[in-house]
Each structure stands twice: as structure tokens, then as C-alpha cells.
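# Observations on the three-dimensional arrangement
What follows is each chain in one-letter form.
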Amino acid sequence: MTEIEIPLSRNPYTAFVGEGLLEKCGELAVKKVRPGRCAIVTDSNVGPLYAGRLGDSLRRAGFKPTTITVPAGEASKSMECAASVCGEMARAGLDRSSSVFALGGGVVGDLAGFVAAIHYRGVPCVQVPTTVVAQVDSSIGGKAGVNLPEGKNLVGCFHQPALVVADVSTLSTLPPREFHEGFAEIIKHAAIRDPSLLDESGASPELVAMAALGGPQLCAPGRETAGGTAIALAVIAAAADPKQSRARTAKPLTEDGLDRVGHGRRRAGWTTAPRP
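Before going into details, it helps to say that this report is about the structure given with it. Computed from a predicted model, the values in this text were never measured in an experiment. (Residues numbered from 1 in each chain as written. Predicted model: local features only at pLDDT ≥ 70, side-chain atom pairs only at ≥ 80, totals over all residues. Heavy atoms only, no water.)

## A short note on the state of the cysteines
Heads up, the condition is: Cysteine sulfur atoms are paired as a disulfide whenever they fall within 2.5 Å.
Counting across every chain of the model gives 0 disulfides. Of all cysteine sulfurs, the one in Cys 25 lies closest to Cys 38, which takes part in no disulfide; the gap is 9.3 Å.

Listed below in C-alpha cells is the structure:
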């Protein structure tokens, strides 16, 4: 297990990266979050795979989890879904002493973080990302929010997590293409911030080229140990980026352009790079 301090001037936190961390999540969380009633927010894809294991871990540490499952997909990142989750939390008796555990990819992380920020004007959120992109990007920095019909991420806030628990074993159940796209995100982080990280992440020039082209064989799912090293490096890079903790700091031009192109492609109905 790799332990990485995120040294923010306000609300610093720790990211834990390694294998088998779902079973340790409760003992890690209890050091930062008061045990008691909590919500596990997950989606219909991830919940059946991992919510039970996370719930068991939390109960062993003294938490009383309620699992709230939203439909998988971008459509759940909405004001309506956020209100529904808040309602379920209220009916389950979660109050200002409670906490939220975000179990899933980027959509769940953004949604659960936003819900944690507005429930009783703010309760702790523990990010438990299960995709490569979520582990190397969206779970770090406290960016939380939902979409509107007019555009992505138009409603949101910064709500730093109490901690991040990235169990790289969960990556073994990702579809290969999603795994590859996430590894491309690692390469993007390294290339923008410090190209020397490409060597440490195990990304050869061939892998970098295939990432740029959307190639099908970046690396094989199941290489959790090597993947964990790469993810840890990307987390460090993200922690060093001031944009992750200040809403008004501009992104580096290259990354901002990549994000805008990606959002535009998704609005046009593309999910990945177009194929010949």
C-alpha cells in the first residue's frame, strides 16, 4: 500500500493506493471520519461487485452504512439524482455527524462529493474510486458537481475528500477499452506535468503512441501492481497541481484544451475517438 499526503493549505488529506484496500477501508476511514451512520453511494454496475465488501469493512470499524444505488451512466450526474440521493440519506437518518463514501467512477465521485457538500451544509466524503480515470484524476482535488441540460459541470463546488482509498484490484473488472483509456489519462498527466514520469509509469514510447491513437493494447487488465505504481505517480502529479484545490486557477492550456475537446465530443454523441 502506498500512502500519499495531499498537502493542501486547508483540508489536507491522504490518498491510499494499493491492492485489497476495500477490506481495509473501514480501518483507514475511522482515523479520519467519525464512525456512525454513513451512505455508500454507488451505481448499478459497481454496486453488485463491491458495495457488499465495502459495507462489511465499514461495519467492522463501527460504521452503519446505507447503500444508495443510482443508474450507471452520465445521466445520473444531475440535480434530480442529487436530490434523490439526499432524500434517501434523510430517510435513512443521516445527519450532520454522518459521512458519504463514493464507490465508483467519475460520475459517482462527482455526484457523491456534491451530495456530501450540500447535505446538512457539508459532511465528510471518502472517495473510493474504481476506474483508472477516477483513481488518477477525478477523486483528487475535491471537484464535485452535476450537469445541466445546458452543459457539463455547470453546478458544483470544491469539497475536499476526507481521504481517498484507491483499490487497484477493482480495475480487473473494467472493460479493456475503459482500462486503456484510463491509462492514457496517466500518460497525459505525466506528459503535461513531468515527462520523466513516463519512464517511471512503465509507459514506453510505443504505449504513448498507442494512447494518442486510442490503440487497443496499452496494457493488460490484471497488472494491478504495475498499475498501482502508475496510479500513485499520477496522484502525486495531481496533488502538485494548484488547480485541483483552487476553483479560480486556470488549467494548463494543453490540458484545458484536451478537456474541452473531450466534453464537446461527448455532447456530439462520441464516447471514444472516432474509428476509420
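Having seen it, we continue.
## Comments concerning unusual backbone geometry
To keep things clear, this is the line we draw: Numbering of helices and strands runs from the N terminus, with a helix taken as a DSSP run of H or I at least four residues long and a strand as a DSSP run of E at least two residues long. When accessible area is computed with a 1.4 Å probe and restricted to protein chains, residues below 20% of their type maximum are described as buried, those above 50% as exposed, and intermediate ones as partly exposed.
Look at Asn 11: it is not a glycine, yet its phi comes out positive at around 55°. Position of Asn 11 among the secondary structure elements: in the loop between strand 1 (2-6) and strand 2 (13-18). If you check the backbone angles, Tyr 120 has positive phi at about 50° while not being a glycine. Tracing the chain through its elements places Tyr 120 in the loop between helix 4 (106-118) and strand 6 (125-129). In this structure Tyr 120 comes out as partly exposed when scored by relative accessible area, which is 42%.

## Comments concerning the nonpolar core
Filter applied, for reference: By nonpolar core we mean a set of buried residues, namely Ala, Val, Leu, Ile, Met, Phe, Trp, Tyr and Cys, connected to one another through side-chain atoms within 4.5 Å. Contacts are assigned to residue pairs that have any heavy atoms within 4.5 Å of one another.
One finds Leu 54, Phe 63, Phe 101, Leu 103, Val 126, Val 128 and Leu 163 to be the most contacted residues of the largest nonpolar core, which totals 23 residues. Elements supplying a minimum of two residues to this core: helix 1 (25-29), strand 3 (37-43), helix 2 (47-60), strand 5 (99-104), strand 6 and strand 9 (163-167). Ranked by the residues each element gives to this core, the list is headed by helix 2, at 4 residues. Among residues more than four places away in sequence, those in contact with Leu 103 are Leu 22, Ile 40, Val 41, Thr 42, Asp 43, Val 46, Tyr 50, Ala 51, Leu 54, Val 108, Val 128 and Thr 130. In terms of nonpolar packing, the next biggest core, distinct from the first, is built from 22 residues, Ile 68, Ala 116, Ala 144 and Val 146 among them.

## Considering the pattern of salt bridges
Side-chain pairing between opposite charges can occur once the charged atoms of the two side chains come close. For clarity, the cut-off: Here, a salt bridge means any Lys or Arg side-chain nitrogen found within 4 Å of an Asp or Glu carboxyl oxygen.
Under the counting rule described, the total for this entry stands at 4 salt bridges. Among the ionic pairs, Lys 152 bridges to Glu 74, the shortest N-O distance being 2.6 Å. Placement of Lys 152 in strand 8 (residues 151-158) and of Glu 74 in the loop between strand 4 (64-70) and helix 3 (79-91) is noted, with a sequence separation of 78 residues between them.

## A few points about a nonpolar patch on the surface
Quick note on the threshold: Within this analysis, patches are made of residues with over 30% relative accessible area and no salt bridge. Like charges are joined at 9 Å or less; nonpolar side chains (Val, Leu, Ile, Met, Phe, Trp, Tyr) at 5 Å or less. With residues, only the protein chains shown are counted as cover, and all accessible areas are computed by Shrake-Rupley using a 1.4 Å probe.
On the surface, Met 79, Leu 148 and Leu 154 cluster together into a nonpolar patch covering about 250 Å² of accessible area. Assignment of secondary structure puts Leu 154 in strand 8.

## Notes on the pairing of strand 6
What counts here: Any two strands with at least two DSSP-identified bridges between them are counted as paired.
Burial within strand 6 is extensive, with 5 of its 5 residues counted as buried. Because side chains alternate across strand 6, one face comprises the buried residues Cys 125, Gln 127 and Pro 129, and the other comprises Val 126 and Val 128, equally buried. As defined by bridge partners, strand 5 adjoins strand 6 across 5 bridges and the pair is classed as parallel. When the sheet's bridge partners are listed, Leu 103 is paired in strand 6 with Val 128.

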